[in-house]
Amino acid sequence: MYIKSNTLFKDTRPERIYDDISRPVIIADNLLTPENMGSMIRLADNIGAEKMIFLGRETVKSVSHIRRCAASSRDNIEWFFTEENDLRKLVGMRKIVAIETADDATCIYDTALPVDIAFIVGNESRGIRPEILSQCDMITYIPVPGPTRSLNVSHAAAVALFEWQRRRLTDFR
């Protein structure tokens, strides 16, 4: 029988992982579509992120579409656009982990993910810009076994964030 998710999670309190650790920060480098931006805001809200940062210029005509795609999450989490490209200024001392296919990337399932983390994903067609990627502490990829070897940006972020969360929740058991 179907029950509302708030009812299901009422007693399990998965948010307890943030009692002793920082919430993750999520960064997206120059996303193109309002739908993906809205999905990223929703994901940031779902995971309990501290904030969702969009690198690049805000397009005024897209904001209402982004907010519509984010649904109720648009007011639950801090999210903003910035033209600042110095990641350290945006996330401080957190370890910056890129989710990207690159020569020196390691498989996410074999990579130790830091507790104090900022994940970054890239543009839908070109990925993370080289000048941004060079600032990352580590680069990880998600193995994709199907014939289409790339994930939608919000799906890739979801896989990485919930893998990170799974590891943190294991610490409590």
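### Re the environment of S22
- Inspection of the secondary structure assignment puts S22 in the loop between α1 (5-9) and β1 (25-29).
- The class for S22 is partly exposed, based on a relative accessible area of 33%.
- Residues S22 and V115, spaced 93 residues apart in sequence, show a C-alpha to C-alpha distance of 7.7 Å.
- When neighbours within four sequence positions are excluded, S22 is seen to be in contact with R94, D116 and W164.

### Remarks on the packing of aromatic side chains
- For the coordinates displayed, the defined rule picks out 4 aromatic pairs.
- With 6.4 Å between their ring centres and 85 degrees between their planes, F54 and W79 make a pair best called edge-to-face. Here F54, found in strand β2 (residues 51-55), pairs with W79, found in strand β3 (residues 78-82); they are 25 residues apart in sequence, far enough to count as distant. Of the two residues, F54 and W79, neither departs from the other in class, the shared state being buried.
- Aromatic pair F54 and F81: ring centres 5.1 Å apart, planes at 25 degrees, arrangement stacked. One end of the pair, F54, is in strand β2; the other, F81, is in strand β3, and 27 residues separate them in sequence.
- Take F81: its relative accessible area is 18%, and that puts it in the buried class.
- Members of the aromatic cluster, each reached through a chain of ring pairs, are F54, W79 and F81.

### Remarks on the nonpolar core
- Counting 34 residues, the largest nonpolar core has I26, M40, I41, M52, F54, W79 and F119 as its most contacted members.
- Listing elements by their share of this core, those giving two or more residues are β1, α2 (34-47), β2, α3 (60-70), β3, β4 (95-99), β6 (117-121) and α6 (153-170).
- No other element matches the 7 residues that α6 contributes to this core.
- The residues contacting I41, other than those within four sequence positions of it, are M52, F54, I66, A70, S73, R74, I77 and W79.
- One finds I27, L90, A118 and L133 within the second-largest nonpolar core, a separate group that totals 17 residues.

### Notes on α6
- The terminal C-alpha atoms of α6 lie 26 Å apart, and with 18 residues this matches the ideal 26 Å at 1.5 Å per residue to within 8%.
- Where α6 is buried, its residues meet β1, α2, β4 and β6.

### Structural notes on the state of the cysteines
- Summed over the entire model, instances satisfying the criterion amount to 0 disulfides.
- With no disulfide of its own, C107 lies 18 Å from the sulfur of C136, the closest cysteine sulfur.
- Assessed through its relative accessible area of 12%, C107 is described here as buried.
- The exposure class assigned to C136 is buried, which follows from its relative accessible area of 13%.

Definitions and cut-offs
- Residues numbered from 1 in each chain as written.
- Predicted model: local features only at pLDDT ≥ 70, side-chain atom pairs only at ≥ 80, totals over all residues.
- Heavy atoms only, no water.
- Helix = DSSP H or I, 4+ residues; strand = E, 2+ residues; numbered from the N terminus.
- Buried < 20%, exposed > 50% of the residue type's maximum accessible area, 1.4 Å probe, protein only.
- Contact = heavy atoms within 4.5 Å.
- Phe/Tyr/Trp six-rings, centres within 6.5 Å; stacked < 30°, edge-to-face > 60°.
- Core = buried A, V, L, I, M, F, W, Y, C linked by side-chain atoms within 4.5 Å.
- Expected span 1.5 Å × (residues − 1).
- Disulfide = S-S within 2.5 Å.

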